[in-house]
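Here is what each chain is made of, one letter per residue.
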Amino acid sequence: MEDRMENKNEMTRSRKEAADRADWWKSAVVYQIYPKSFQDSSGNGFGDIRGILSRLDYLTWLGVNVLWICPIYRSPMVDNGYDIADYYHVDPSFGTDEDLDELIREAEKRGMKILMDLVVNHTSDQHAWFQEALKDPEGPYGKYYIFRKGKDGKAPDNLRSYFGGSAWEPVGRGDLYYFHAFAKEQPDLNWENEAVREEISRMVNYWLDKGIGGFRIDAIGNIKKNLTRSYYEPDGEDGLAYAGAWIQNQPGIEDFLRELDEKTFRPHNSMTVAEVGVPAERLEDFIGENGFFRMVFDFSYTDIDVPETAEWYVPTGWTVKDFRNNLFRSQLDTRKVGWAAPYLENHDQPRSLNKYIPEEDIGYYSASMLGTLFLCLRGTPFIYQGQEIGMTNIRMDSLADYDDVASVDQYHRAVQHGISREEAMEALYRRSRDNGRIPMQWSGKRNAGFSENEKTWLKVNPNYLNINVEKEMEEPESVLHFYRKLIALRRESEYADTLVYGELVPICPEGGAESEDVIAYFREDAGRRLLVACNFGGKEQKLSLDAAVVNGADAALQMREKQMILDNYGKTRWEKDGILCLHPYECVICEL
Ligand code: NOJ
């Protein structure tokens, strides 16, 4: 009887594993490119597609196999391409449509897939649909957007857009307004209109038919609105209220998302990763077997330093324990229903080293530790350009040095809130999205090798002389080489299967580790148990492994030397009874 049960479990397990393997994106490592800042090939101070092409060999060497390219469609660039004026063509500042076709082909030759950015909650106000809508708000294109009448010269309600100010913009015709969740140059599309949904599906299929691997999907939780009131309790000096509660994951969104998946992504077996915060109880709808997407990004650990209403200047006072709890909760909740998309950085985040590590401790050890912690998690890891060399935040001299609309808004809101200008600048240094958008640091040459032009669209971080790809390539003990090893472990080592498909078992999930600053977990499958242990602090720490868990401490002790897989100090110490002594920011991957 027990044998039969065991066989049945085996069969279920192998069926499950086979299904996992059919989902090609599960074993991928994604590298995110912010094209404007990656590599300038034309010498005008802006990155472009030919610049990306020139760096494909580097990306091949690094070992990643999916490239997420932030929007390269035609755009007036109010929000750096997240305001699209034409979904079918490349913006001339990035190159030509043919350059993009070449990028897709050249990537394919190297075994890489391209993930495009899909921005369909809104368009640019320069999109032909919106221009037509302005001419005739009552006409067919007027129904592509959300127009409402105001009252007594006031907007239809007092919701605040994510980038500050009213979410309603008057169109200068009587008392008509249109809704925009983000900047006023980004009018929201009306997903209730079937014609809009059809246009979007057609466009998505156009790109998928070109052979791209799939999409990262922008702000998709916002496509369904619940805008029935004319007044909300204000939560700021501006008399406005945070819109999130009324335009995020509203009931009925399921129908739109399911329809989109069925008409586009699913038939193409595409990788999709949605930018949408989903509570655990709704995760199954989003990423379960019949979910709308293959993955979603979880903000609970990356936005740990900002309050829910997203004011960067209000510190949250988070601790390593909070961070660990959020990270493990995210992993375990996701595991119950689907696949995760762990990430440390993206173009909306400051650099992870500045966020998670005290300034004086930023360096090789802390950067390799963060990389290890994230690249060994369960799910498809996303690496953001420059993360692999340990790029850091930049100190700008004045507000005028910032380009990001959200940063400018946050600065003014901070000042309006009574915070000094110095503190507001400090908040931008900590949190501005431009920290992640400054030019990639390739070498010690002019403009860090990013551009031959005298000026670059955003300033280059002066620390490029120390932190750059060329230099780190020459140093075997660099953050870059460490990342390369981590990627290889996941993609082509004997441990790859366990690291990709194995279970993740947190060690002391409730913070019961001997030290609050240790974050450790097992990755395990039927054949292997790997320990990933990270000291997230600047002091020595001990991690005591329960003898029962590791199958007898002695066994662990005997095996430890030959089973060390990767670590950043090269001198890991074990004490008796399976106690692991970790140096400041030490990370260890070993087999037990
Ligand atoms: C999320 C994108 O990541 C961000 O950069 C953009 O500003 C907003 N969505 C609006 O599209």
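Rules used in this analysis
- Residues numbered from 1 in each chain as written.
- Predicted model: local features only at pLDDT ≥ 70, side-chain atom pairs only at ≥ 80, totals over all residues.
- Heavy atoms only, no water.
- Helix = DSSP H or I, 4+ residues; strand = E, 2+ residues; numbered from the N terminus.
- Rg over C-alpha atoms; globule rule 2.2 N^0.38 Å.
- Buried < 20%, exposed > 50% of the residue type's maximum accessible area, 1.4 Å probe, protein only.
- Contact = heavy atoms within 4.5 Å.
- Areas by Shrake-Rupley, 256 points an atom, 1.4 Å probe, with all protein chains shown as cover.
- Lys, Arg positive; Asp, Glu negative; His and termini not counted.
- Charge placed at Lys NZ, Arg CZ, Asp CG, Glu CD.
- Axes fitted to C-alpha atoms, helices over the stretch in contact; angles between N-to-C directions.
- Left-handed = near helix turned anticlockwise from the far one by under 90°.
- Nonpolar A, V, L, I, M, F, W, Y, C, P; charged D, E, K, R; others polar.
- Pairing = 2+ DSSP bridges.
- Near = heavy atom within 4 Å.
- Polar contact = N/O pair within 3.5 Å; in protein donor to acceptor, adjacent residues only side chain to side chain.
- Parallel < 35°, antiparallel > 145°, perpendicular 65-115°, else oblique.
- Core = buried A, V, L, I, M, F, W, Y, C linked by side-chain atoms within 4.5 Å.
- Disulfide = S-S within 2.5 Å.
- Expected span 1.5 Å × (residues − 1).

Student: Can you explain the overall build of the protein chain? Please cite residues and give values.
Tutor: In terms of helices and strands, the protein chain carries 18 helices and 22 strands. Over its C-alpha trace the protein chain gives a radius of gyration of 24 Å, about what one expects of a compact globule, namely 25 Å for 592 residues. Overall, the C-alpha framework of the protein chain stretches about 80 × 65 × 50 Å when taken along its three principal axes. Looking at the protein chain as a whole, 58% of its 592 residues qualify as buried. Of the contacts formed within the protein chain by residues at least 6 apart in sequence, a portion of 71% connects residues at least 24 apart. If you sum the accessible surface of the protein chain, you get close to 23900 Å²; carbon and sulfur atoms cover 48% of it. Charge separation in the protein chain, taken as the distance between the mean sites of 70 positive and 100 negative side-chain charges, equals 2 Å.

Student: So what's going on with the packing of helix α6 (residues 194-209) against helix α8 (residues 253-265)? Residues and values would help.
Tutor: Look at α6 against α8: their axes get within 9 Å of each other, and the N-to-C directions meet at 35°. Two packed elements cross with a definite hand, and for α6 against α8 that hand is right-handed. Judged by residue contacts, R197, E198, I200, S201, V204, N205 and L208 of α6 engage F256, E259, L260, K263, T264 and F265 from α8. Classifying every residue of the contact of α6 with α8 by side-chain character gives 6 nonpolar, 3 polar and 4 charged.

Student: Describe the sheet that holds strand β22 (residues 587-591), with residues and values.
Tutor: With antiparallel pairing, 5 strands are arranged side by side in an open sheet as β15-β16-β17-β22-β19. If you trace the sheet from one side to the other, it starts and ends with β15 (503-506) and β19 (564-567), each paired once. Taken over all neighbouring pairs, the strand axes of this sheet differ in orientation by 20° on average, direction set aside. Judged from the 3 bridges that link them, β19 and β22 form a sheet pairing that is antiparallel.

Student: So what about the sheet that holds strand β13 (residues 295-296)? Which residues, and what values?
Tutor: One open sheet accounts for 7 strands, arranged β13-β12-β10-β5-β2-β1-β14; its pairing is parallel. Each of the sheet's edge strands pairs with one partner strand only, and the pair in question is β13 and β14 (382-384). Pairing between strand β1 (residues 30-33) and β14: 3 bridges, direction parallel. The residue of β14 that forms the bridge with V30 is F382.

Student: Account for the site of the ligand, naming residues and giving values.
Tutor: Around the ligand, the neighbouring residues are D79, Y82, H122, F163, F182, R216, D218, E275, H347, D348, R433 and R437. H122 places a polar side-chain atom, nitrogen or oxygen, 3.0 Å from an oxygen atom of the ligand. Here D348 contributes a side-chain N or O atom positioned 2.4 Å from an oxygen atom of the ligand. The protein chains hide 98% of the 290 Å² of surface that the ligand would expose on its own. Classifying every residue of the shell around the ligand gives 3 nonpolar, 2 polar and 7 charged.

Student: I'd like a rundown of the pairing of strand β5 (residues 113-118), residues and numbers included.
Tutor: Across the 6 residues that make up β5, a large majority, 5, are buried. Relative to β5, strand β2 (residues 66-69) runs parallel, the two sharing 4 bridges. In the strand pairing of β5, W68 is matched with L115. Inspection of the sheet shows β5 paired to strand β10 (residues 214-217) by 4 bridges, in the parallel sense. By the bridge assignment, L115 is partnered in β10 with G214.

Student: Talk me through the packing of helix α12 (residues 364-375) against helix α16 (residues 479-492); I want residue IDs and the actual numbers.
Tutor: As a packed pair, α12 and α16 sit with axes 9 Å apart at the nearest point and diverge in direction by 15°. Between α12 and α16, the angle is such that the two are roughly parallel. The hand of the α12/α16 crossing is right-handed. In this structure, α12 uses Y364, A367, S368, G371, T372 and L375 to contact α16, whose residues at the interface are V479, F482, Y483, L486, I487 and R490. Within the contact of α12 with α16, the residues separate by chemical class into 8 nonpolar, 3 polar and 1 charged.

Student: So what's going on with the nonpolar core? Residues and values would help.
Tutor: Nonpolar side chains in soluble globular proteins tend to end up buried together. Y31, L59, L67, F215, I220, F323 and F382 are the most contacted members of the largest nonpolar core, which has 166 residues in total. The residues contacting I220, other than those within four sequence positions of it, are V120, W191, I253, L257, A274, E275, V276 and F293. If you look at the next biggest cluster of nonpolar residues, it comprises 14 residues, including A533, W574, L582 and L592.

Student: I'd like to hear about the state of the cysteines, residue by residue, with values.
Tutor: Between two cysteines, a covalent bond joining their sulfur atoms is known as a disulfide. Within the structure shown, the criterion is met by 0 disulfides. Here C376 stays free of any disulfide, with the sulfur of C534 as its closest cysteine sulfur at 7.6 Å. The structure places no disulfide on C587, whose sulfur is separated from the nearest cysteine sulfur, that of C534, by 5.5 Å. For C587, a relative accessible area of 1% puts it in the buried group.

Student: Any details on the side chain of N326? Residues and values, ideally.
Tutor: In this structure, N326 sits in helix α10 (residues 320-337). At a separation of 2.9 Å, a polar atom in the side chain of N326 contacts the main-chain carbonyl oxygen of S300. The residues contacting N326, other than those within four sequence positions of it, are S300, Y301 and I304.

Student: Describe helix α4 (residues 97-109), with residues and values.
Tutor: With 13 residues, α4 ought to run about 18 Å at 1.5 Å a step, and its terminal C-alpha atoms sit 19 Å apart, in line with that. Buried within α4 we find D99, L100, L103, I104, E106 and A107. On the buried face of α4, the contacting elements are α2 (49-54), α3 (56-62), β2, β4 (86-90), β5 and α6. Positive phi shows up at G111, right after α4, with a value of about 75°.

Student: Which residues make up the pairing of β10, and what are the values?
Tutor: Sheet analysis places β10 next to strand β12 (residues 271-274), joined by 4 bridges and oriented parallel. Its bridge partner lying in β12, R216 is registered against V273.

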